[in-house]
There are 2 protein chains.
Amino acid sequence: MKDDAPTPLDPPPRATVAGTPTIRDVARLANVSIGTASKALNAGGRLSAETREKVQQVAREIGYRPNDLAQSLHRAKSRTIGIISNDSFGRFTFPIVEALEERLAAEGIAVFMCNATDDPERERQHLDQLLGKRIDGLVVTARRADKRPSIGPLPDGLPVIYVFSQADDPHALSLLPDDEGGAVLAVSHLASLGRTRIAHLTGPEHFEAVRLRQSGYRSALAAAGLQEIEGFYRSGVWSEAWGREAVASLFAKPERPDAIFCGNDQIARGALDTLREMGISVPGDVAVVGFDNWDVMTLAARPPLSSIDMNLKALGREAGNSLINMIGGGKLGGVQRRPCSLVVRQSSGA
Amino acid sequence: MKDDAPTPLDPPPRATVAGTPTIRDVARLANVSIGTASKALNAGGRLSAETREKVQQVAREIGYRPNDLAQSLHRAKSRTIGIISNDSFGRFTFPIVEALEERLAAEGIAVFMCNATDDPERERQHLDQLLGKRIDGLVVTARRADKRPSIGPLPDGLPVIYVFSQADDPHALSLLPDDEGGAVLAVSHLASLGRTRIAHLTGPEHFEAVRLRQSGYRSALAAAGLQEIEGFYRSGVWSEAWGREAVASLFAKPERPDAIFCGNDQIARGALDTLREMGISVPGDVAVVGFDNWDVMTLAARPPLSSIDMNLKALGREAGNSLINMIGGGKLGGVQRRPCSLVVRQSSGA
């Protein structure tokens, strides 16, 4: 008999849901609002004994376990949060927002989406509007993860999280990918293939991500006992054209790299195209790793491109959990960097 | 003296705003809510005479002209609308949502963003949640413009617009790009360059857009007095790899195209790469036009790619205007297709 087998006294389940049951499932099956379900499962709130019992019975039937997060949500007043984004393109923001929205929707919290497109006046107007809606929390996101002025002024105690963006206030919670760690993953991987002349072609140095990835590149070289060869680090722009140009000039010299770590997938795509046209074999002569794991680039590249994934969906889910925690009174803060992962494809395959 | 010169009796303006003044500017400068400003500028609503006068004075000072749309907005109750999207990637949805949100924000209407990722159960949950928030209107958008079941059930009279998506209810308002017209633009342009052997490489035929673009290709050929050559129309998938494969097989035959209209920019990018590797000059021997005008593809292509732009931001702005109109009681409906435009770059340049 297994430990988790039901005892003979357990009633048979009468309602079931797919996946882990949420407060929303309880509310739906008990035919009450999410707010009522939350009250019924927590000590507080005025409810009839019948309603409380009905909700608790449904919760038992579907195996709903009110965790700390869900229990705290009776503090959410409007059950809305706002996202202010400065990412008019959306490639980085979208997976974050998608996962955040999915996480919050499961708790019955709706998301106002505002696009401020780097215009402080529009940001202020959006903020006014969101505060007028009495949002329970605020998420700030951006096209790039660099520091920005703190958003505000905000009412005391309003939870705010910066995701793929950081406030100049060190106490604010900022969730960011670990750019330096991602670069270490890429370069360690290339070194583990026996490559010893590893170049780094990257974007503009006024991006913090560029400086952090360069730092990871250097520390991983040192950890592998490798020298950084002069001229093998090149900063340019985030484009395929720059990748093509940089490879052409790098390979015009006698001492050629046997591996290239690129600061994004577009640079890597350009690098691969020029290597191909120069008749240099990838990964035979030169192994290549990109950054972003953007399928539009990695899968169309010849050969398909290994890349570092910033796990933006996981960052969005964590932002959702953190916001729920903070709405419930939890105190979170500081710049927190989350691990990237390496996706190996043919450009650095065996 | 110009007709619109102020008469000597006009007081000098005391408050100014950048751009066309909106109800939001009036509210801000009069230090009242947008709802109050709206009431003060319309006949209805209970307000003190002082407040009404203050708002009207600000409106005069900044030259605010309450148009039909803005006047109708006193009917908006919650000043929120919902967007339900099925576009988890966001490339097509994002410009639409961005422009829509910008248009509505100017009227003080906030946007709830819900991602249903093609899951009818999640869509239903999102809809329940939005209706619980008493939204004033609903926008449905998608990753592809094909017909879908109407969303619902909805409360009587709730304005709903499908953008880059269409309901199977022909009375619902669906705003779509004119795919057929876009194809006509592309093929007429190629014919105007003197090209007579124009091929069409495109995506899967279960997309309505593929069938409409094929139809535009054929009618533009006919209009130019050209024959469709057997084997010159090829349907595959939306990828660079398909563009490469299709060009390799198309150019392996003796009768070669002198122009290619591609169903999207990724197919066109693959086509350009293979033409380049075969030593075929673009646009000298073969002119190429893509579809989507996606800068990631068009600008990195060699040579830069001419393409058809679906003007998705304009579609988003129009959706915003239409929704405001409908919230105010306007009746709009039917499938409406808006023009695409041609952006000529070097791949079909002189």
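Not measured: the values here are computed from a predicted model.

Draft legend 1. Main features of the packing of helix 7 (residues 179-192) of chain B against helix 8 (residues 208-223) of chain B. Residue and element names in this part refer to chain B. Close contact between helix 7 and helix 8 brings their axes to 7 Å; oriented N to C, the two are set at 40 degrees. For helix 7 against helix 8, the interelement crossing comes out right-handed. Across from D179, E180, G181, G182, A183, V184, V187, S188 and A191 in helix 7, the residues of helix 8 making contact are A209, L212, R213, S215, G216, Y217, S219, A220 and L221. Of the residues assigned to the contact of helix 7 with helix 8, the class counts are nine nonpolar, six polar and three charged.

Draft legend 2. Region of the structure containing the confidence of the model for chain A. Residues and elements named next belong to chain A. Mean pLDDT over chain A stands at 88; residues scoring 70 or higher make up 89%. Below pLDDT 50 for its whole length, residues 1-13 participates in one contact with residues either more than four positions away or in separate chains. This prediction of the complex comes with two scores: 0.81 for pTM and 0.79 for ipTM.

Draft legend 3. Spatial organisation of the relation of the copies chain A and chain B. Between chain A and chain B, which share one sequence, the superposing operator has a rotation angle of 180 degrees and an axial displacement of 0.0 Å; the RMSD is 0.1 Å. Those values place the two copies in the arrangement expected of a two-fold rotation axis. When C-alpha positions in chain A are compared against the rotation axis, the closest is assigned to F112 of chain A, at 2.2 Å. The residues that chain A uses at the interface reappear at the interface of chain B in 100% of cases, marking a shared surface.

Draft legend 4. Fine view of helix 12 (residues 312-327) of chain B. All names here are of chain B. Look at helix 12: 22 Å from first C-alpha to last across 16 residues, which is about the 22 Å you get at 1.5 Å a residue. L312, L315, G316, E318, A319, G320, S322, L323, I324, M326 and I327 are the residues of helix 12 that are buried. With its phi angle positive at about 105 degrees, G329 sits one or two positions after the end of helix 12.

Draft legend 5. Examining unusual backbone geometry more closely. In this model, G152 of chain A is joined to P153 of chain A through a cis peptide bond whose omega is 5 degrees. Within the element layout of this structure, P153 of chain A appears in the loop between strand 4 (147-148) and strand 5 (160-163). Its identity is not glycine, yet R79 of chain B carries a phi of approximately 55 degrees, on the positive side. Among the secondary structure elements, R79 of chain B is positioned in the loop between helix 4 (68-72) and strand 1 (80-85). Exposure remark for R79 of chain B: the 22 C-beta atoms within 10 Å place this residue in the buried category. Backbone geometry places N293 of chain B, a non-glycine residue, at a positive phi of 50 degrees. Topologically, N293 of chain B is positioned in the loop between strand 11 (287-291) and helix 11 (295-298). The exposure class of N293 of chain B is buried, given the 22 C-beta atoms found within 10 Å.

Draft legend 6. Spatial organisation of the nonpolar core. Counting 176 residues, the largest nonpolar core has A271 and V288 of chain A together with A271 and V288 of chain B as its most contacted members. In contact with V288 of chain B, other than residues within four places in its own chain, are I260, C262, A268, A271, L272, V282, L305, S347 and S348 of chain B.

Draft legend 7. Structural detail: the interface of chain A and chain B. The interface of chain A with chain B comprises 24 residues on the first partner and 24 residues on the second. Sort the elements by how many residues they give to the side of chain A that touches chain B and strand 2 (residues 110-115) of chain A lands first, with six residues. Of the residues belonging to the side of chain A that touches chain B, the class tally is 10 nonpolar, eight polar and six charged.

Draft legend 8. Molecular detail of the sheet that holds strand 8 (residues 198-202) of chain B. Residue and element names in this part refer to chain B. Strand order in this open sheet of six strands is 9-8-10-11-12-14, and the pairing throughout is mixed. On the outer flanks of this sheet lie strand 9 (233-235) and strand 14 (341-343), each paired with one strand and no other. In this sheet, neighbouring strand axes are inclined to one another by 20 degrees on average, regardless of whether the strands run parallel or antiparallel. Sheet topology note: the strand 11/strand 12 (residues 306-309) ladder contains three bridges and is parallel. Paired with G290 across the bridge in strand 12 is S307. The sheet strands contacting helix 8 are strand 8, strand 9, strand 10 (259-262) and strand 11, and the helix crosses strand 8 at an angle near 175 degrees. Against the sheet, helix 10 (residues 265-277) touches strand 8, strand 10, strand 11 and strand 12, its axis set at about 155 degrees to strand 11.

Draft legend 9. Examining the sheet that holds strand 10 (residues 259-262) of chain A more closely. Residue and element names in this part refer to chain A. Reading across from one edge, 9-8-10-11-12-14 is the order of the six strands in this open sheet, with mixed pairing throughout. Lying at the two open borders of the sheet, with one neighbouring strand each, are strand 9 (233-235) and strand 14 (341-343). Neighbour-to-neighbour, the strand axes of this sheet turn through a mean angle of 20 degrees, independent of strand direction. Two strands pair when backbone bridges link them, and strand 10 and strand 11 (residues 287-291) are joined in this way by three bridges, in the parallel orientation. Within strand 11, the residue paired with I260 across the bridge is V288. Contacts between helix 10 (residues 265-277) and the sheet are confined to strand 8 (198-202), strand 10, strand 11 and strand 12 (306-309), with strand 11 contributing the most and set at about 155 degrees to the helix.

Draft legend 10. Up close: the environment of D258 of chain B. Residue and element names in this part refer to chain B. Relative to the assigned elements, D258 resides in the loop between helix 9 (240-250) and strand 10. Taking the C-alpha atoms as reference, D258 lies 52 Å from T80; in sequence the two are 178 residues apart. Excluding its chain neighbours within four sequence positions, the residues that come into contact with D258 are R195, T196, R197, D285 and V286.

Rules of the game
Residues numbered from 1 in each chain as written. Chains lettered and ligands numbered in written order. Predicted model: local features only at pLDDT ≥ 70, side-chain atom pairs only at ≥ 80, totals over all residues. Axes fitted to C-alpha atoms, helices over the stretch in contact; angles between N-to-C directions. Helix = DSSP H or I, 4+ residues; strand = E, 2+ residues; numbered from the N terminus. Left-handed = near helix turned anticlockwise from the far one by under 90°. Contact = placed C-beta atoms within 7 Å. Nonpolar A, V, L, I, M, F, W, Y, C, P; charged D, E, K, R; others polar. pLDDT = per-residue confidence, 0-100. Least-squares fit on C-alpha atoms with pLDDT ≥ 70 in both. Expected span 1.5 Å × (residues − 1). Buried ≥ 20, exposed ≤ 12 C-beta atoms within 10 Å, placed from the backbone. Core = buried A, V, L, I, M, F, W, Y, C linked by C-beta atoms within 7 Å. Pairing = 2+ DSSP bridges.

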